[in-house]
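Topology and contacts: notes
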Amino acid sequence: MAAQIVDSTDDRISRISSSIRVIPDFPKPGIMFQDITTLLLDPMAFKDTIDLFVERYKDKNINVVAGIEARGFIFGPPIALAIGAKFVPMRKPKKLPGEVISEEYSLEYGTDTMEMHVGAVQAGERALVVDDLIATGGTLSAAIRLLGRVGVDVVECACVIELPELKGRSRLGDKPLFVLVS
């Protein structure tokens with residue numbers, strides 16, 4: 001499904017975009033790393049980011065915000081609190097205590113696994129999946145599948161940044177994607 005992008009005439013978008021530092025050749029040659037730590041150092045840009053997501057989701061009857069490790073843990077909890085939803089961490093293997101349900105997904109070279117606690121969500125709940133960035137879409141699609149296996153309706157995926165040249169949204173099936181900076 002096509003990505004939905006916030007109104008680019010909104011002054012908040014330029015503030016957010018300009019606060020994201022791009023680091024060439026990190027972590028390896030040819031990668032242009034999108035560093036959101038500089039966004040977090042700018043309280044107004046960070047607030048704008050959260051506000052834009054909250055404005056979008058406050059009236060969508062979402063009761064679960066699922067944040068993907070690790071940077072989804074930065075943006076997900078304040079969104080969840082503001083819209084009255086619970087926050088569910090989607091973690092790398094062996095990071096959650098207790099019983100988990102897991103989903104394996106493909107990486108450029110090999111596979112990885114995402115986990116969440118059994119019982120963290122209930123069938124019929126409506127979820128928003130949050131991460132800082134969508135590149136190839138592998139982690140977002142794994143989160144969608146994992147939530148779907150337990151009967152949760154993923155309403156939308158939300159990311160601060162999209163790298164459209166990597167065509168990650170094509171891996172999300174029919175789930176909408178909302179991004180702030182592309």
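Residues numbered from 1 in each chain as written. Predicted model: local features only at pLDDT ≥ 70, side-chain atom pairs only at ≥ 80, totals over all residues. Heavy atoms only, no water.

Topologically, Ser19 is positioned in helix H1 (residues 11-19). With relative accessibility at 9%, the residue Ser19 sits in the buried group. Only 2.7 Å separates the side chain of Ser19 from the backbone oxygen of Ile16, close enough to count as a polar contact. (Helix = DSSP H or I, 4+ residues; strand = E, 2+ residues; numbered from the N terminus. Buried < 20%, exposed > 50% of the residue type's maximum accessible area, 1.4 Å probe, protein only. Polar contact = N/O pair within 3.5 Å; in protein donor to acceptor, adjacent residues only side chain to side chain.)

Here the focus is the side chain of Ser141. Note that Ser141 resides in helix H5 (residues 138-149). Every residue in contact with Ser141, bar those within four places of it in the chain, is listed here: Arg171 and Leu172. (Contact = heavy atoms within 4.5 Å.)

Take Arg169: it is sitting in the loop between strand S9 (153-162) and strand S10 (177-181). Under the relative-accessibility criterion, Arg169 is labelled partly exposed at 26%. Between the C-alpha atom of Arg169 and that of Ser14, which follows or precedes it by 155 residues, the distance is 23 Å.

Let's shift gears to H1. Buried within H1 we find Arg12, Ile13, Ile16 and Ser19. Angular distribution of buried residues about the axis of H1 spans 135°; they occupy a single face of the element. Along H1, the residues that are exposed and aim more than 90 degrees away from the buried face are Asp11 and Ser18. Looking at the buried residues of H1, the elements they touch are strand S2 (21-24), helix H2 (37-40), helix H3 (43-57), S9 and S10. (Arc of directions from axis to C-beta.)

A few words now on the packing of H3 against helix H4 (residues 72-83). Following both chains from N to C, one finds H3 and H4 inclined at 50°, their axes separated by 9 Å at the closest point. Our classification of the angle between H3 and H4 gives oblique. In the crossing of H3 with H4, the sense of the turn from one axis to the other is right-handed. Only Ile74, Phe75, Pro78, Ile79, Ala82 and Ile83 of H4 make contact with H3, whose side of the interface consists of Phe46, Thr49, Ile50, Phe53, Val54 and Tyr57. Within the contact of H3 with H4, the residues separate by chemical class into 11 nonpolar, 1 polar and no charged. (Axes fitted to C-alpha atoms, helices over the stretch in contact; angles between N-to-C directions. Parallel < 35°, antiparallel > 145°, perpendicular 65-115°, else oblique. Left-handed = near helix turned anticlockwise from the far one by under 90°. Nonpolar A, V, L, I, M, F, W, Y, C, P; charged D, E, K, R; others polar.)

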